[in-house]
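# Coordinate inspection notes
So you can see what is in the structure, the chains are spelled out below.
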Amino acid sequence: MNPTRVTAFAPGSVANVAIGFDILGFSVDSVGDRVTLTRTERPGVNITSITGVVEDLPLQADRNTAGQALLAMQRYRNLPFGFDVQIEKGIPLASGLGGSAASAVAAVVAANAMIDEPLTRIELLKVAMEGEAVASGSRHADNIAPSLFGGLVLTVGIDEPRVKQIPVPQLIHAVIVHPHLQVSTKQARAILSGTVNMSDFVWQTANLAGFISGCYTNDLDLIKASLEDVIIEKQRQVLIPGFQQVRSAALAAGALGCSISGAGPTLFALCLEQDAGAVRAAMEDEFAKQGIETDKWIVSVQSGGAHVVSTSA
Ligand code: HSE
């Protein structure tokens, strides 16, 4: 007998990780969204409440990332029943921490626990991607995949995505600093140039390859040398007051690299665990000099992905 009421949690995530625009991300389980689904005889998707740190999101299912992901799942499996949906937002709006993705992921993970022959994780990734497209205006998996799978995740392909969880040296931690500002993902994508200079392309390709190789071989020096975005960051930094100062302060405090989390305004720095406190303090201080308050976390880059929290018959 499948449960008729399920709650699932999906963590936030840092997308792009400086060098993997739209294809690389890692989960951040200090923040996350919870979705509770109740099975209904009436077909369709009915969002009954949105609570937590964000409340003013669309209740209309096809304009909400969780709602759209559930509609995609219903179509995919031709489900003969519907869902009442309660969304508890733990991830601030337009923060660059993957909130849109987390709601979509939590919704499909909860739905998957209610059906016979559950979808595979790759199938869940595909339906959740349809949900997130509502918020960002395009399909990309760099928030969805880490939120679903956990850890540092590379996604290759869109229609037939292939997902690889990348090992990260144990010593490396991430400092996440969320300034109290909002940046719309759609806007942050709209300002990007449609073309890339050849020399930047070569550097970014080398940096992505170097970063991934460094992760597999525990090569901290290669990770540090590679963790630099030469394409996206320079176009988006205007959206984040004090960006250069915060980044420089993080590097001076010992960070291996520091860049924008997803579309921003949150920044992340990767560093050795022993340096994390100093890096966090340096970033916080620089934002404070700009008169900007922050939330901040020190997290492992190896946290778990989305999971069911509770079920009832
Ligand atoms: N890769 C995406 C971007 C993440 O940077 O626009 C935010 O959805």
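Residues numbered from 1 in each chain as written. Predicted model: local features only at pLDDT ≥ 70, side-chain atom pairs only at ≥ 80, totals over all residues. Heavy atoms only, no water.

### Details of the packing of aromatic side chains
All told, the structure shown has two aromatic pairs when counted by the stated rule. Seen in terms of ring centroids, Phe26 and Phe268 are 6.0 Å apart; in terms of plane orientation they differ by 80 degrees. Their pairing is edge-to-face. One end of the pair, Phe26, is in strand β2 (residues 24-40); the other, Phe268, is in strand β9 (residues 267-272), with 242 residues separating them in the sequence. Residue classification places Phe26 among the buried residues on the basis of a relative accessible area of 0%. Note on Phe81 and Phe83: the rings are 5.5 Å apart at their centroids and 80 degrees apart in plane angle, and the pair reads as edge-to-face. When sorted by exposure, Phe81 lands in the same class as Phe83, which is buried. Stacked on the ring of Phe81, the Lys or Arg Arg39 has its end atom at 3.9 Å from the ring centre. (Phe/Tyr/Trp six-rings, centres within 6.5 Å; stacked < 30°, edge-to-face > 60°. Helix = DSSP H or I, 4+ residues; strand = E, 2+ residues; numbered from the N terminus. Buried < 20%, exposed > 50% of the residue type's maximum accessible area, 1.4 Å probe, protein only. Lys NZ or Arg CZ within 6 Å of the ring centre and 35° of its normal.)

### Let's talk about unusual backbone geometry
With an omega of 10 degrees, the peptide bond between Gly264 and Pro265 qualifies as cis. By the secondary structure assignment, Pro265 is in the loop between β8 (257-260) and β9. Located in the positive-phi region is Ala94, a residue other than glycine, with phi close to 50 degrees. Of note, Ala94 is situated in the loop between β4 (82-89) and α2 (99-112). Of the residues examined, Ala94 reaches a relative accessible area of 23% and is grouped as partly exposed. One non-glycine residue, Asn218, lies in the positive phi region at around 60 degrees.

### Points about the pattern of salt bridges
Using the criterion set out here, one finds 10 salt bridges in the structure. Here Lys89 ties to Asp33 by a salt bridge, and the two come within 2.4 Å at their closest N and O atoms. Taken together, the residues span a long stretch of sequence, with Lys89 in strand β4 and Asp33 in strand β2 at a distance of 56 residues. Residue class for Lys89 comes out buried when judged on its relative accessible area of 7%. With a relative accessible area of 0%, Asp33 lands in the buried category. Across the pair Asp84 and Arg42 runs a salt bridge, and its minimum N-O distance is 3.6 Å. On the criterion of sequence distance, the pair formed by Asp84 in strand β4 and Arg42 in the loop between β2 and β3 (45-52) is long-range, its members being 42 residues apart. (Salt bridge = Lys/Arg side-chain N within 4 Å of Asp/Glu carboxyl O.)

### Thoughts on the environment of Tyr76
Among the secondary structure elements, Tyr76 is positioned in helix α1 (residues 65-77). In this structure Tyr76 comes out as partly exposed when scored by relative accessible area, which is 44%. In this structure, the C-alpha to C-alpha distance between Tyr76 and Asp229, residues 153 residues apart in sequence, is 37 Å. Setting aside chain neighbours within four positions, we find Tyr76 in contact with Leu119, Glu123 and Val127. Polar side-chain contacts of Tyr76 include one of 2.5 Å to the side chain of Glu123. (Contact = heavy atoms within 4.5 Å. Polar contact = N/O pair within 3.5 Å; in protein donor to acceptor, adjacent residues only side chain to side chain.)

### Overview of the sheet that holds β8
Within a beta sheet, neighbouring strands are joined by backbone hydrogen bonds and run either parallel or antiparallel to one another. Reading across the sheet, the four strands line up as β8-β9-β7-β10 and stay open at both edges, with antiparallel pairing between neighbours. Across the chains shown, the open sheet's two edge strands, defined by having one partner strand only, are β8 and β10 (294-300). Between one strand axis and the next, the sheet turns by 20 degrees as a mean value, whatever way the strands run. Of the pairings in the sheet, the one linking strand β7 (residues 172-179) to β10 comprises seven bridges and is antiparallel in character. In the sheet register, Pro179 faces β10, and the bridge partner there is Thr294. Along the sheet face, helix α9 (residues 243-252) touches β8 and β9 and points at about 155 degrees away from the line of β8. Along the sheet, helix α10 (residues 276-289) makes contact with β7, β8, β9 and β10, crossing β9 at roughly 155 degrees. (Pairing = 2+ DSSP bridges. Axes fitted to C-alpha atoms, helices over the stretch in contact; angles between N-to-C directions.)

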